[in-house]
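What follows is each chain in one-letter form.
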Amino acid sequence: MSADGGGLSAEAVVRLRLAIGRLNRQLVRASGDQDLTSAQLSALARVEQHGPLRLGELAAREGVAVPSMVRTVAPLVADGLIAKTPDPQDGRSQLLAPTGHGRDTLARIRRERTALLARRSTRLSPEQCRALEAALPLLELLLDEPDTPARQRPIV
């Protein structure tokens, strides 16, 4: 605990940050044959989770400006991962939805990343596995910021 009794110690915060960052990089490398940026992967997963969506809705859910989302989505459309269709309620707008190829790509990436964690977890003792499982709700609490609306990152 920190000296004032609230939160983690500075050393623990640094160790947690480093561990999460390194593990994330290793998970990204586990599906390294794909050329998607983290922003593109997040947008694709969000469209799969909540689609079909208008571009502005997707930008709002991702917490970015519409012009940024235009640049993020364009390669996904060009690569056939997301399809654009006319919005039946507003002919000026288009809806974004994942294609079969997009869904397959997400499923593959998830499988590869899950397999990496599953392999790594076999190195842990039963007690360590139980401790890690017990810590999961606490790690999930760190995902949301109480001062701002929670951005629900899809699990990729």
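Refer to the structure printed above.
Residues numbered from 1 in each chain as written. Predicted model: local features only at pLDDT ≥ 70, side-chain atom pairs only at ≥ 80, totals over all residues. Heavy atoms only, no water.

(A) View of the overall build of the chain. Scanning the chain from terminus to terminus reveals six helices and three strands. Each helix and strand of the chain, placed in order from N terminus to C terminus, yields the pattern α-α-β-α-α-β-β-α-α. A buried classification covers 24% of the 156 residues belonging to the chain. A sequence separation of at least 24 residues applies to 57% of the contacts in the chain between residues at least 6 apart. In the structure as shown, the chain presents an accessible area of about 10,600 Å², 57% of it carried by carbon and sulfur atoms. (Helix = DSSP H or I, 4+ residues; strand = E, 2+ residues; numbered from the N terminus. Buried < 20%, exposed > 50% of the residue type's maximum accessible area, 1.4 Å probe, protein only. Contact = heavy atoms within 4.5 Å. Areas by Shrake-Rupley, 256 points an atom, 1.4 Å probe, with all protein chains shown as cover.)

(B) Region of the structure containing the packing of helix α3 (residues 55–62) against helix α4 (residues 66–78). Their axes nearest at 9 Å, the elements α3 and α4 cross at an angle of 100 degrees. Comparing their axes, α4 and α3 come out roughly perpendicular. Counted together, Leu55, Gly56, Leu58, Ala59 and Glu62 of α3 and Val66, Met69, Val70 and Val73 of α4 form the full contact between these two elements. The residue makeup of the contact of α3 with α4, split by class, is seven nonpolar, one polar and one charged. (Axes fitted to C-alpha atoms, helices over the stretch in contact; angles between N-to-C directions. Parallel < 35°, antiparallel > 145°, perpendicular 65-115°, else oblique. Nonpolar A, V, L, I, M, F, W, Y, C, P; charged D, E, K, R; others polar.)

(C) Fine view of the nonpolar core. One finds Leu36, Leu44, Leu58, Met69, Leu76, Ile82 and Leu96 to be the most contacted residues of the largest nonpolar core, which totals 17 residues. Mapped by element, the contributors of at least two residues to this core are α2 (38–50), α3, α4 and α5 (100–121). Top contributing element to this core by residue count: α2, with five residues. Residues within four places of Met69 in sequence aside, it is in contact with Ala43, Leu55, Leu58, Ala59, Glu62 and Val64. (Core = buried A, V, L, I, M, F, W, Y, C linked by side-chain atoms within 4.5 Å.)

(D) Summary view of unusual backbone geometry. Geometrically, the link from Gly51 to Pro52 is a cis peptide bond, its omega value of 0 degrees lying close to zero. One can find Pro52 in the loop between α2 and β1 (53–54).

(E) Inspection of the side chain of Ser31 at higher detail. Within the fold, Ser31 resides in the loop between α1 (10–30) and α2. At 3.1 Å, the side chain of Ser31 forms a polar contact with the side chain of Arg113. Beyond its immediate chain neighbours, meaning those up to four positions away, Ser31 contacts Ile109, Glu112 and Arg113. (Polar contact = N/O pair within 3.5 Å; in protein donor to acceptor, adjacent residues only side chain to side chain.)

(F) Quick look at the sheet that holds strand β2 (residues 82–87). Reading across the sheet, the three strands line up as β1-β3-β2 and stay open at both edges, with antiparallel pairing between neighbours. In the strand order of this sheet, the two ends are held by β1 and β2, each with one partner. Relative to strand β3 (residues 90–98), β2 is paired through six bridges, and the arrangement is antiparallel. Bridge pairing in β3 places Ile82 opposite Pro98. The strands touched by α2 are β1, β2 and β3; relative to β3, the strand with the most contacts, the crossing angle is about 105 degrees. (Pairing = 2+ DSSP bridges.)

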